[in-house]
Amino acid sequence: MDDRYQNNVQGETYPTYGEGGQDGYPYQTDYPPQEEDAASDATEGHDEDDQMYEGEYQGVPHPDEIKEARRAARREARLKAKLAALEEEESLADQYESIMEDCGHGRFQWTLFTVLGLALMADGVECFVVAFALPSAEKDMCLSNANKGLLGLIVYVGMMIGAVLWGGLADKLGRRQCLLYALAINCIFSFLSSFAQGYGFFLFFRLCSGIGIGGTIPIVYTYYAEFLQMDKRGEHLSWLCLFWMLGGMYASFTAWGIIPHYGWGFSMGTEFQFHSWRVFVLVCFLPSVVALAGLVFMPESPRYLLENARHDEAWMILRQVHDTNWKAKGEPQKVFEVTQIKTPQTQDDDFIEIQSETGTAFQRFTVRQVALINILWACENSNSNTCICFYCSHSYYGLAVWFPDQIKYLQFEEYESNVKLFHRERVERFHFNFTLQNQVHREGDYIHDRYKIKNVKFEDSLFENCYFENIRSTETFFENCTLKNTMFYNTDLWKDSKFIDCKFTNTSFHHPKKGCHLNYQEENDVLIYLVCFLGSLSVIPGNILAGLLMDKIGRIKIIGGSMLVSSGCTFFLFLCFNPGSVITFQCLFFAASAAAWNGIEVITVELYPASKRATAFGVLNGLCKLAAIVSTFIFSKFVAVTKIIPILLSFSALVCGGLLSFKLPETREVILQ
């Protein structure tokens, strides 16, 4: 009987394993023979899995090896796919840069520059509106100190919410579309706020207005950067920052020209009062309206369209940019030669996609936000840029509020030092046809007198047969006085608040002006408008310097140098003891810090990929507004206490930010990813 391992192939017979050696094993001739029982003992207890796979003798791989090989192949395929996607995305960035170079820089970019600049100007105006209107609004609406403080902060709260909201939506819905929505919301609620008579409605409308305008900064810089080639990006984004300064100048100038003019308002009965400060609020939404009208005629960002696989629309817009620029340069015959544009793969991780589509609404929201934070934080040097933004905002916005308040405080101290004191005077049958101002009268007797007063305090005095008419003076008080046969006609002096521990005998109040009423001579200090105007004007040198040097010496040196110089300006505030010196160092500080802001805006655009650029910018800008809220609250508390704390906080934040900026990568020769 033939051996079962014998095979016949092409007539040849392979020897069996039983041929040649002892016991039929030709390759074991050197080993001693085993007894049958010994062989049985050697294999006893072995599992079938430990036995040699017989297919190995025929060159057939084991099933486990096949599975492992398949796994390795799949891993290699996934790695190749990731590398291919990365390679394709990089090639899109290179191709897009080449296309923008072919399109050139010309009429289209300058038109978009003007429209987006007006939107940025509206953001600058928004930061000043409430600050300028507040002295009048607090009297018109009878605001307490707590309500006044909340109204001052509510704008930054709205802008913080708007920056995060619109920045995230701009990467989903489009730059132009979201900017249209944001400006429209700002226009509507700014208009409504000027007519709001109650504090609650006014607060709500300004909050919504801030939410709308909060989206401008993250969207405007992202939108404009995606129409610029690499060698133009830093310079022209810096020029764009000039419009924010123009917004501050516009607000300061219109406030000075409108608010002090009481007759510019109107009233409808006793319930609806439209004073001049409301006219100012109404005028301040005009830049937003003009920007909204211009944006209607602007196209969407082609880079956003490419990120969302809408390459046909992107191609049409790029051809429009190309044709517009070259026709304006006198070369209409130049043809847009691009026929195909690559589209990147921007799908999120499969696990994130699965998790974000399952579970409750809160779980889906949480997964998306955590994934977003991880993506943004994973970007190179994102944490350093975040800290620098916070430090710069903390100092800039805090001191922007502290400077006017400190000037007011120094003016008040000077005013108090000039108070005239009159003791035990007796005045009979005298008509004060001039205004008594900044005086204190103690233990005086006033008989048959007529008065014009402003910021006067009477203590332990006697008034007999006196007449007070048409008086508006919020800082006039009577303490421990006796009033006999005295008449108050059409004044804001009433028993409940202006008279402290006084005795009245046959004293009458006719047509009293109860409640809160405006006194434009007292509530509007032209110097404050001038201070803010000069602060905005002083930004021009810093902006020009940053624009000229941004692409020459780089973003990092601009940011670091500017913040360190700004810290020096804050340190010298210790030497300021009068309003003039404070104004001088305010202008120096704003001029120095302007370059840092330009560099931060430019490098933030360049650090993040196109699919997350507006989102990252929105998160960082929201963080800046949070720093503004914190710093304005802290700095305002120390105005009448000490200037050491605000100065040291600003100085340390600017020094830390300036030194930390040198850890950022230089991006002036980096293509937008």
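Residues numbered from 1 in each chain as written. Predicted model: local features only at pLDDT ≥ 70, side-chain atom pairs only at ≥ 80, totals over all residues. Heavy atoms only, no water.

## Some words on the overall build of the protein chain
So, step 1. Helix and strand content of the protein chain: 24 helices and 18 strands.
So, step 2. Residues classed as buried in the protein chain amount to 47% of the 673 residues present.
So, step 3. For the protein chain, long-range pairs separated by at least 24 residues make up 65% of all intrachain contacts whose partners lie at least 6 apart in sequence.
So, step 4. As displayed, the protein chain offers around 33700 Å² of accessible surface, 57% of which is attributable to carbon and sulfur atoms. (Helix = DSSP H or I, 4+ residues; strand = E, 2+ residues; numbered from the N terminus. Buried < 20%, exposed > 50% of the residue type's maximum accessible area, 1.4 Å probe, protein only. Contact = heavy atoms within 4.5 Å. Areas by Shrake-Rupley, 256 points an atom, 1.4 Å probe, with all protein chains shown as cover.)

## As for unusual backbone geometry
So, step 1. One non-glycine residue, Asp460, lies in positive phi territory at about 50 degrees.
So, step 2. Tracing the backbone through its elements, the reader meets Asp460 in the loop between strand S10 (453-459) and strand S11 (462-464).

## A look at the packing of helix H8 (residues 230-240) against helix H22 (residues 579-607)
So, step 1. The contact between H8 and H22 brings their axes to 9 Å, and the two run at 130 degrees. Relative to H22, the element H8 is oriented oblique. Considering only the axes of H8 and H22, their crossing is right-handed. In this structure, H8 contributes Arg233, Gly234, Leu237 and Ser238 to the contact, and H22 contributes Asn598, Val602 and Glu606. (Axes fitted to C-alpha atoms, helices over the stretch in contact; angles between N-to-C directions. Parallel < 35°, antiparallel > 145°, perpendicular 65-115°, else oblique. Left-handed = near helix turned anticlockwise from the far one by under 90°.)

## A closer look at a positive patch on the surface
So, step 1. Together, Lys67, Arg70, Arg74 and Arg78 line one region of the surface with positive charge.
So, step 2. Examined against the element boundaries, Lys67 turns out to sit in helix H2 (residues 63-103).
So, step 3. Residue Lys67 is classed as partly exposed on the basis of its relative accessible area of 46%. (Patch = residues over 30% accessible without salt bridge, like charges linked within 9 Å, V, L, I, M, F, W, Y side chains within 5 Å. Salt bridge = Lys/Arg side-chain N within 4 Å of Asp/Glu carboxyl O. Lys, Arg positive; Asp, Glu negative; His and termini not counted. Charge placed at Lys NZ, Arg CZ, Asp CG, Glu CD.)

## Looking at a nonpolar patch on the surface
So, step 1. Together, Ile188, Phe191, Leu192 and Phe195 give the surface a local cluster of nonpolar side chains, amounting to about 320 Å² of exposed area.
So, step 2. Within the fold, Leu192 resides in helix H5 (residues 175-195).
So, step 3. The class of Leu192 is partly exposed, set by a relative accessible area of 33%.

## Structural notes on the side chain of Arg233
So, step 1. Tracing the chain through its elements places Arg233 in helix H8.
So, step 2. The class of Arg233 is buried, set by a relative accessible area of 0%.
So, step 3. Ignoring anything within four residues of it in the chain, the contact list for Arg233 reads Ala225, Leu228, Asp551, Arg555, Glu606, Thr667, Val670 and Leu672.

## Observations concerning the sheet that holds strand S9 (residues 450-451)
So, step 1. Taken together, four strands build an open sheet; the order of strands is S9-S12-S15-S18 and the sheet is parallel. Edge positions in the open sheet fall to S9 and strand S18 (508-510), since each of these has one partner strand only.
So, step 2. Sheet topology note: the strand S12 (residues 467-469)/strand S15 (residues 487-489) ladder contains three bridges and is parallel. Pairing of Phe468 across the sheet is with Phe488, part of S15. (Pairing = 2+ DSSP bridges.)

## So, the packing of aromatic side chains
So, step 1. Following the criterion strictly, the structure yields 48 aromatic pairs and no others.
So, step 2. For the ring pair Phe113 and Phe243, a centre distance of 5.4 Å and an interplane angle of 70 degrees mean the geometry is edge-to-face. Here Phe243 lies in helix H9 (residues 242-258) and Phe113 lies in helix H3 (residues 107-140), a separation of 130 residues in the sequence. Each member of the pair, Phe113 together with Phe243, is buried.
So, step 3. A ring pair is formed by Phe499 and Phe509, whose centres lie 5.8 Å apart and whose planes are at 75 degrees; its orientation type is edge-to-face. In this pair, Phe499 is assigned in strand S16 (residues 499-500) and Phe509 in strand S18, connecting sequence segments 10 residues apart.
So, step 4. Classification of Phe499 by relative accessible area gives buried; the value is 8%.
So, step 5. If you follow Lys329 out to its NZ or CZ, it ends over the ring of Trp326, 4.6 Å from the centre.
So, step 6. The residue whose ring lies beneath Lys334 is Trp326, and the NZ or CZ to ring-centre distance is 3.8 Å. (Phe/Tyr/Trp six-rings, centres within 6.5 Å; stacked < 30°, edge-to-face > 60°. Lys NZ or Arg CZ within 6 Å of the ring centre and 35° of its normal.)

## Some remarks on the confidence of the model for the protein chain
So, step 1. For the protein chain, per-residue confidence averages 78 on the pLDDT scale, and residues scoring 70 or more make up 79% of the total.
So, step 2. Element-level pLDDT for the protein chain is lowest in strand S1 (residues 8-9), with a mean of 40, against a maximum mean of 93 in helix H11 (residues 286-295).
So, step 3. Overall, residues 518-524 carries pLDDT values under 50, and its contacts beyond four positions in sequence, including any with other chains, amount to 27 contacts. (pLDDT = per-residue confidence, 0-100.)

## So, the sheet that holds strand S6 (residues 426-428)
So, step 1. The strand order across the open sheet built from five strands is S6-S8-S11-S14-S17, with neighbouring strands paired in parallel fashion. Looking at the sheet topology across the chains shown, the edges are occupied by S6 and strand S17 (503-505). Adjacent strand axes in the sheet meet at a mean angle of 5 degrees when their direction is disregarded.
So, step 2. As paired strands, strand S14 (residues 482-484) and S17 are joined by three bridges and run parallel to one another. Each residue of the ladder has a partner; that of Lys484, found in S17, is Thr505.

## Quick look at the pattern of salt bridges
So, step 1. In the structure shown here, the tally under the stated rule is 16 salt bridges.
So, step 2. Salt-bridge contacts for Glu313 lead to Arg310; the nearest nitrogen and oxygen are separated by 2.9 Å.
So, step 3. With a relative accessible area of 39%, Glu313 lands in the partly exposed category.
So, step 4. Linking Glu428 and Arg426 is a salt bridge whose minimum nitrogen-to-oxygen distance equals 2.7 Å.
So, step 5. For Glu428, a relative accessible area of 43% corresponds to the partly exposed category.
So, step 6. For Arg426, a relative accessible area of 53% puts it in the exposed group.
So, step 7. Each member of the salt-bridge network shares a partner with another, and the members are Asp171, Arg175, Glu226 and Arg613.

## Some words on the pairing of S10
So, step 1. Counting buried residues along S10, six of its seven residues qualify, which places the element largely inside the surrounding structure.
So, step 2. Pairing geometry for strand S7 (residues 436-442) and S10, over six bridges, is parallel. By the bridge assignment, Arg442 is partnered in S10 with Glu459.
So, step 3. Where S10 meets strand S13 (residues 477-479), three bridges bridge the pair, whose relative direction is parallel. If you follow Lys457 over to S13, its bridge partner there is Phe477.

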